[in-house]
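Coordinates in review
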Amino acid sequence: MSAELERLTAEFERFRDRISAAEAKFAGVGEMQARVAELEVTATSPDRTVRVVAGAGGMVKDIQLGADALRRPAPALSEMIMATLREAVAEAARRQADIVDDTVGGAFGLATGEQVRAIQAEALGTAPEAAASQPGAARQPRDYDEDFDDFGDGSIYDQRRGGGR
């Protein structure tokens with residue numbers, strides 16, 4: 001009986017260590033939220049006549065037009081504004097995804113930045129290689145069980161194999 005008690009105590013300690021590790025992983029969530037709230041990306045048109053500032057969630061915070069912008073025909077100006085706006089919002093989405101990955105990506109096996117880049121590359125008709133060459137693209141999502149279910153050894157927590165009583 002003493003050996004069984006020692007085994008259960010050791011198993012409980014491992015479980016408690018996993019809880020502590022999970023708490024540590026989530027300690028940065030408040031900082032992540034602050035970083036996301038402060039996120040600001042500025043895009044400028046190639047001719048420097050249009051400037052767009054975007055924030056988290058694709059929110060457009062500011063649009064500025066230079067004096068030369070008003071000399072353009074309305075359709076050309078509209079096109080320039082939209083292209084610059086898309087650039088700012090896309091970069092803000094990439095940076096927001098990178099912030100999430102930096103904070104909790106490893107804990108959950110996420111590659112949010114990679115996914116955002118791939119979706120953007122597909123939407124813009126660019127080659128998938130372009131998205132894969134971005135920072136963070138080497139990370140591969142991991143299976144949930146691989147990260148969190150280390151009680152698959154017949155322990156009392158292993159419900160799949162009849163370990164639980």
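Reference entry: report on the structure contained in this document. (Residues numbered from 1 in each chain as written. Predicted model: local features only at pLDDT ≥ 70, side-chain atom pairs only at ≥ 80, totals over all residues. Heavy atoms only, no water.)

1. A look at the side chain of Asp101
For the record, the criterion: Per the convention used, a helix needs a DSSP run of H or I reaching at least four residues, while a strand needs a run of E reaching at least two, with both numbered from the N terminus. For each residue, the accessible area found with a 1.4 Å probe, counting protein chains only, is set against the maximum for its type, and the residue is called buried under 20%, exposed over 50%, and partly exposed in between. Pairs of N or O atoms are called polar contacts if they sit within 3.5 Å, as long as, within protein, a hydrogen donor faces a hydrogen acceptor (for residues adjacent in sequence, only side-chain-to-side-chain pairs).
With respect to the helices and strands, Asp101 occurs in helix 3 (residues 74-108). Asp101 gets classed as buried once you look at its relative accessible area, which sits at 2%. Separated by 2.9 Å, the side chain of Asp101 and the backbone nitrogen of Thr112 make a polar contact.

2. A look at a nonpolar patch on the surface
Worth spelling out the cut-off: For patches, a residue must show more than 30% relative accessible area and have no salt bridge; joins then use 9 Å for like charges and 5 Å for nonpolar side chains, namely Val, Leu, Ile, Met, Phe, Trp and Tyr. Calculation of accessible area relied on Shrake-Rupley with a 1.4 Å probe; when residues are assessed, cover is drawn exclusively from the protein chains displayed. One side-chain nitrogen of Lys or Arg within 4 Å of one carboxyl oxygen of Asp or Glu is enough to make a salt bridge.
A cluster of nonpolar side chains, Val60, Ile63, Leu65 and Leu70, forms an exposed patch at the surface whose accessible area comes to about 340 Å². Mapped onto the secondary structure, Leu70 falls in the loop between strand 3 (60-65) and helix 3. Among the residues examined, Leu70 registers a relative accessible area of 63% and is labelled exposed.

3. Digging into the nonpolar core
Rule in force here: The set of buried Ala, Val, Leu, Ile, Met, Phe, Trp, Tyr and Cys residues whose side-chain atoms join them within 4.5 Å is what this entry labels a nonpolar core. Throughout, a contact is declared for two residues whenever any of their heavy atoms are within 4.5 Å.
Grouped together as the largest cluster of nonpolar side chains are 16 residues, with contacts concentrated most on Leu39, Val50, Val52, Leu77, Ala88, Ala92 and Ile99. For this core, the elements supplying multiple residues, two or more each, are helix 2 (29-38), strand 1 (40-44), strand 2 (50-55) and helix 3. Per element, the largest residue contribution to this core is seven residues, and it comes from helix 3. Sequence-distant contacts of Ile99, that is, excluding residues within four places in its chain, are made with Met32, Arg35, Val36 and Leu39.

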